[in-house]
Amino acid sequence: MKKLTFLATLLGILVATTASGQQTLDGMIDREITQLVSTYKMLHAAPELSHHEEKTADFVAAQLRALGFTVTERVGKYAQPELTSYGVVAVMKNGAGPTVLVRTELDALPVEEKTGLPYASTVKARDDAGQEVSVMHACGHDIHMTNFLGTAKMLLALKDQWHGTLVMIGQPAEETVNGARAMLADGLYTRFPKPDFVLALHDSSDVEAGKITFYPGYAMASATSVDLVIRGLGGHGARPEATKDPVVLASQIVLALQTIVSREKSALDPAVITVGSIHGGTKRNIIPDEVRLQLTIRTYKEEVRLQILASIERIAKGMALAAGVPEDRAPILKVIESEGSPATYNDPELSERIAAAIGRTVGKDKVIKAQPLMVSEDFGYFSLDHQIPAFMFWLGAVEPSKVAAAAKSGKPLPSLHSSLFEPLPEPTLRTGIKAMTTAVLELMKK
């Protein structure tokens, strides 16, 4: 009986301690949430394009520096020397222990906002080509940054509960998928502590605010950009027999490429081949010399990606040969390396561990294992080809009533990159900060 009484008392103490810790985190967020929502609205109204995130980076760096982090700015080297990288690296050492990296993105998109919000962006700016475009945080990087800064505040206040080295990075140019590579090329893992774990979150445009989804393993696809030039022999539209028509050939190739996914690879290995752009010709009665195709390829496994590239080239050249195109006019395939990104692979063990910890914080029923996506981003670079355990989870950001209405009507919600994408600041920020703070504490707890 005494033993049972002791165990009951001990269990009561543990439950009380856990509840007290949870109330402390909730109370801390309660005290900060009004300011955090204001920060989010300020960032939303002042977006900056990829490669131009100067003021955004200055703000994030200043906030982290004020919290006591050692901050280094303008980290990153692009392949294009004329570009400046506005990467931010903030380090806080808190005794011996693991090194955990938390990443946010800084950039926005060339989209004209149409939400009608009182804090909607009206920004116009020059892009890399010098063209004036409207700018919007249509992918939620403003939500990410605010979560990032809120998490930094929580972890600073909870320093007695964790040990190790916290590295928080503001990554530029995610939308052009060259920001992560730029930071790594500038010594991210040599000038600064190399992480044992890397973490990130991304808001979701179809999950209600207050919920979190995740997927262990391949969670997002790699992206490969390809230019394919179909060459022929041009001439008069009334005399096709005197030409080798690249328009007809390109049309046949576009259809034939779809058989790669359906007939050349295992059905167990997801892949997408999309021809997003096709251009050729100048006038109705002129058969052109060439047609240009722009493709995107999405896969999870590297071997599947390489197989698809080889198949595209084989099919294009084979069909050109069958059409009688001379060998010196064979199709030309070019992979645009600067626009590629690897698959995002969530370390399975790390994913389950953190998801369980987050579930204990926000509620198990609010942490849902979802399906992987074929969209892409460059977070995968930070894992060094799976050498460093990495985990990215999805943060619901939509008004619950809108999710319910969309499910009932069958009408899709505005997606990421939409001019109508409208995250719900609260409770999205509250949930994201609790989740990311919990994730870091789980990995660095004393």
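Treat the numbers as computed from the prediction; the structure is a model and nothing was measured.

The rules behind each value
Residues numbered from 1 in each chain as written. Predicted model: local features only at pLDDT ≥ 70, side-chain atom pairs only at ≥ 80, totals over all residues. Heavy atoms only, no water. Pairing = 2+ DSSP bridges. Helix = DSSP H or I, 4+ residues; strand = E, 2+ residues; numbered from the N terminus. Axes fitted to C-alpha atoms, helices over the stretch in contact; angles between N-to-C directions. Contact = heavy atoms within 4.5 Å. Buried < 20%, exposed > 50% of the residue type's maximum accessible area, 1.4 Å probe, protein only. Core = buried A, V, L, I, M, F, W, Y, C linked by side-chain atoms within 4.5 Å. Salt bridge = Lys/Arg side-chain N within 4 Å of Asp/Glu carboxyl O.

Participant: For the sheet that holds strand 7 (residues 197–208), give the residues involved together with the corresponding values.
Facilitator: Strands belonging to one sheet form pairs held by backbone hydrogen bonds; the direction of such a pair is parallel or antiparallel. If you trace the eight strands from one edge of the open sheet to the other, you get 1-2-6-3-7-18-8-17, paired in mixed fashion. Strands at the two margins of the open sheet, each flanked by one partner only, are strand 1 (70–75) and strand 17 (367–369). Strand-to-strand, the axes of this sheet are offset by a mean angle of 25°, without reference to chain direction. Where strand 3 (residues 99–105) meets strand 7, three bridges bridge the pair, whose relative direction is parallel. From the neighbouring strand, Val102 faces strand 7, where its bridge partner is Leu199. Where helix 3 (residues 141–157) meets the sheet, it contacts strand 2 (87–94), strand 3, strand 6 (164–171), strand 7 and strand 18 (390–398), and its direction lies at approximately 150° from that of strand 3. The sheet strands contacting helix 9 (residues 425–444) are strand 3, strand 6, strand 7, strand 8 (212–214) and strand 18, and the helix crosses strand 7 at an angle near 155°.

Participant: Lay out the pairing of strand 6 with the relevant residues and their values.
Facilitator: Consecutive side chains along a regular strand alternate between the two faces of the sheet. Summarising burial for strand 6: eight of the eight residues are buried, a large majority. Bridge count between strand 2 and strand 6: seven bridges; the pairing is antiparallel. Each residue of the ladder has a partner; that of Val89, found in strand 6, is Ile169. Pairing of strand 3 with strand 6 involves seven bridges; the strand directions are parallel. Note on strand 6: the bridge partner recorded for Leu101 is Val167.

Participant: Break down the nonpolar core for me, citing the residues and quoting the values.
Facilitator: Leu64, Phe69, Leu199 and Phe393 are the most contacted members of the largest nonpolar core, which has 59 residues in total. It is helix 9 that contributes the most residues to this core, nine residues altogether. Ranked by size, the runner-up nonpolar core spans 23 residues in total, among them Leu249, Ile297, Ile315 and Ala316.

Participant: Please provide a residue-by-residue account of the pattern of salt bridges, values included.
Facilitator: Where side chains of opposite charge bring their charged atoms close, a pairing between them can arise. Overall, the coordinates contain 23 salt bridges when judged by the stated rule. Ionic pairing is found between Glu313 and Lys317, a salt bridge with its closest N-O pair at 3.2 Å. Separated by four residues within a single helix, Glu313 and Lys317 lie in helix 6 (residues 302–322), roughly one turn from each other. Owing to a relative accessible area of 38%, Lys317 belongs among the partly exposed residues under this scheme. It is possible to trace a salt-bridge network through shared partners that takes in Arg103, Glu105, Glu377 and Asp378.

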